[in-house]
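Read off the chains here:
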Amino acid sequence: MVDYCNPSMAVASPSLAGGERKHWWLTNKKMVDRYVREARMLIATQEQSEIAAALGLLEAALAVAPRMEVALELKARCLLHLRRFKEVADMLLEYIPSLKIVTSDDSSSSASSDNSSSQLSRERVKLLSSSGDSLSGDEPAFRCFSVSDLRKKVMTGLCKNVEKEGQWRYSILGQACCHLGLMEEAMVLLQTGKRLATAAFRRESISLSDDIFSFNKFPRSGENLISNQPQTPPKTESESISHLLCHIKLLIRRKAAAIAALDAGLYAEAIRHFSKILDGRRGAPQGFLSECYVHRAAAFRSAGRIAEAIADCNRALALETSCIDALTVRAGLFETIRCLPDSLHDLEHLKLLYNSILRDRKLPGPIWKRQSVQYREIPGKLCSLAAKIQQLKQRLAAGETGNVDYYALIGLRRGCSRSELERAHLLLTLKHKPDKSSSFIERCEFADEKDVDSVRDRAKMSSLLLFRLVQRGYTSVMSIILDEEAAEKQRKKAAAAVQHPAPPPPERAMPVAVVSVESKAFKTPPPSVFQGVFCRDIGVVGNLLAQAGFNRPIPVKYEALSC
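Residues numbered from 1 in each chain as written. Predicted model: local features only at pLDDT ≥ 70, side-chain atom pairs only at ≥ 80, totals over all residues. Heavy atoms only, no water.

### Digging into the pattern of salt bridges
Here the structure, examined in full by the defined rule, presents 25 salt bridges. For R296, the salt bridge identified is with D312, shortest N-O distance 2.8 Å. One end of the pair, R296, is in helix α15 (residues 286–302); the other, D312, is in helix α16 (residues 306–319), and 16 residues separate them in sequence. Residue classification places D312 among the buried positions, given a relative accessible area of 1%. (Salt bridge = Lys/Arg side-chain N within 4 Å of Asp/Glu carboxyl O. Helix = DSSP H or I, 4+ residues; strand = E, 2+ residues; numbered from the N terminus. Buried < 20%, exposed > 50% of the residue type's maximum accessible area, 1.4 Å probe, protein only.)

Put into structure tokens, the structure is as follows:
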């Protein structure tokens, strides 16, 4: 099939006659126009199945005419409506700003060689006769020119048309980058598309009748207002882009403030800003949330809240399984609390990831994905990682497996009270309960809805492991506190016994018969004598005196004792 957008192909085929070339060219053009027209009608229905059918028609049209601008725009809009954002980014790869910068940095050497060759060609042109004067003698007159200058002029003329016709690329690619988590790129692209659309609208409104004040624009009394107003296209797309741009700027502003507070050592302020992003009412893209979770984990670690930092790393790894920063931070957290087997597991996972990068000769994910490391840094990181793994294995072989620092995990000081432990344990249990582990998924915008189930399973598994670790820490610390309380009671009891010794038990004295002269004259009083409160008290006193061994006779007048 012949591409009707490239007439040089039809000219270059000498086997076909002129009528046949014209016939094939017209046939292809009519077929492509029919495909595009049917695709427009299917897209107007705004149904998923119809838009998928329109995408198939546009693929067929682009197979015949790969450079057809209308078909490319409709295909990008179909992919955006079907939430296939990765395909939109792959389709418009050369318009991503960060990718342009990386490409220009990588091709600096080639650009310098091109500049040197262009300078050389210009010098050669100057050495030849660049003027219009003919050469002397019978030598033929040649006119030399620079190919690079001609190419620049041609590209300048083409760029003027592309700027007018290709402004849809910036708006569509900006929306796709926003859903993929590339917030800075999305802001730049949407602002560029908005500026180009405004400039195109100003260029179109150059007619004087559209700008002057005229009474023809206003309806007379009794006339219908709608019939006199010009038909204007709906502003729904521009309004949605404006709202999306405002949301992107808000997220970028909060993230910049949080990172600045983290760098300044204001960890509570950084946690507050990151929590506004992660716990906000409006969701955020998957990749952007993963980055924010890693940064907030670093802030939690600096603030001494190890359990919250591990939980954020778990969420980041549930969203992005190949997140190098999350694996590195979580391995360091496990090593901080001396949970060496889990730290070794994360380091082994990181080592496998580095080996796969070296084997595939590229970083994980698509080329437009933002990475925290560069490919040239991987060999050095792999060497240091191997040394770290060997060190942890030696510590495990030496028996450092059971001395986990549960105080640091829960966030308590040594010697804390039981009430402090119960309060901290209650807060951690409510935050990291496995039933609530997937609540953050509701505020996440996924680039592919098929990833939701796998993300939920990973989040639930990691949250269950953290919950069990916290429960073991609570049991261990509570047993230590109970032992300390029992030892304190014993210590207080011993101190009280030393300060106030108990009286020795009384010795029973042998009964001694003491007969007094005065007592012989009296007889035993009757029972009625000891009635009354006063007499009972006297009886108690007598018993105490008898127990103490007071055997001296006491003369008593019975008349005074009668009540």
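Read on for the rest.
### A short note on the packing of aromatic side chains
For the coordinates displayed, the defined rule picks out two aromatic pairs. Between the aromatic rings of Y95 and Y170, the centroid separation amounts to 5.7 Å while the plane-to-plane angle is 90 degrees, which identifies the pairing as edge-to-face. With a gap of 75 residues between them, Y95 in the loop between α5 (85–91) and α6 (97–106) and Y170 in helix α9 (residues 168–179) connect regions that are remote in the sequence. Each of the two residues, Y95 as well as Y170, counts as buried. Seen from their ring centres, Y293 and F440 are 5.9 Å apart, and the 85 degrees between their planes marks the pair as edge-to-face. Separated by 147 residues along the polypeptide, Y293 in helix α15 and F440 in the loop between α21 (418–431) and β2 (444–445) bring together distant segments of the chain. (Phe/Tyr/Trp six-rings, centres within 6.5 Å; stacked < 30°, edge-to-face > 60°.)

### Overview of the nonpolar core
Judged by nonpolar contacts, the single largest core of 93 residues is most densely connected at I248, L319 and Y354. Looking at this core element by element, the count peaks at eight residues for helix α3 (residues 48–64). Counting residues in each nonpolar core, the second largest holds 35 residues, with I271, F334, C339 and Y406 among its members. (Core = buried A, V, L, I, M, F, W, Y, C linked by side-chain atoms within 4.5 Å.)

### A short note on the packing of helix α14 (residues 267–278) against α15
The relative placement of two packed helices is expressed as an angle between their axes plus a distance between the axes. Close contact between α14 and α15 brings their axes to 9 Å; oriented N to C, the two are set at 155 degrees. The orientation of α14 relative to α15 falls into the category roughly antiparallel. The chirality of how α14 crosses α15 is left-handed. In contact with Y267, A270, I271, F274, S275, I277 and L278 of α14, α15 contributes F288, L289, C292, Y293, H295, R296, A299, F300 and S302. Split into classes, the residues belonging to the contact of α14 with α15 amount to 12 nonpolar, three polar and one charged. (Axes fitted to C-alpha atoms, helices over the stretch in contact; angles between N-to-C directions. Parallel < 35°, antiparallel > 145°, perpendicular 65-115°, else oblique. Left-handed = near helix turned anticlockwise from the far one by under 90°. Contact = heavy atoms within 4.5 Å. Nonpolar A, V, L, I, M, F, W, Y, C, P; charged D, E, K, R; others polar.)

### Quick look at the side chain of Q286
Mapped onto the elements of the fold, Q286 is located in helix α15. Leaving out residues up to four positions away in the same chain, Q286 has contacts with L319, E320, C444, E445, F446 and A447.

### Focus: the state of the cysteines
Between two cysteines, a covalent bond joining their sulfur atoms is known as a disulfide. For the coordinates displayed, the defined rule picks out zero disulfides. The thiol of C313 is unpaired, and the distance to the nearest cysteine sulfur, on C323, comes to 8.4 Å. (Disulfide = S-S within 2.5 Å.)

### Structural notes on unusual backbone geometry
Of note, the phi angle at R83 is positive, near 60 degrees, even though the residue is not glycine. Relative to the assigned elements, R83 resides in the loop between α4 (69–81) and α5. A positive phi angle, close to 60 degrees, is found at R361, a residue other than glycine. With respect to the helices and strands, R361 occurs in the loop between α18 (340–360) and α19 (378–397).

### Let's talk about the confidence of the model for the chain
Residues with a pLDDT of 70 or more make up 67% of the chain, whose mean pLDDT is 75. Here residues 153–163 scores under 50 on pLDDT; set against residues more than four positions off or in separate chains, the count is three contacts. Low pLDDT, under 50, characterises residues 207–230; the stretch is placed with nine contacts to residues that sit more than four places away or in other chains. (pLDDT = per-residue confidence, 0-100.)

### Looking at α19
For α19, with 20 residues, the first-to-last C-alpha span of 28 Å sits near the 28 Å given by 1.5 Å per residue. Taken as a whole, α19 has its buried residues at I378, L382, L385, I389 and L392. The buried residues of α19 all sit within an arc of 85 degrees when viewed along its axis, so they share a single face. For α19, the exposed residues set more than 90 degrees away from the buried face come down to C383 and Q394. As for α19, its buried residues are in contact with α17 (324–336) and α18. Among the residues trailing α19, G399 stands out with phi positive, at a value near 105 degrees. (Expected span 1.5 Å × (residues − 1). Arc of directions from axis to C-beta.)

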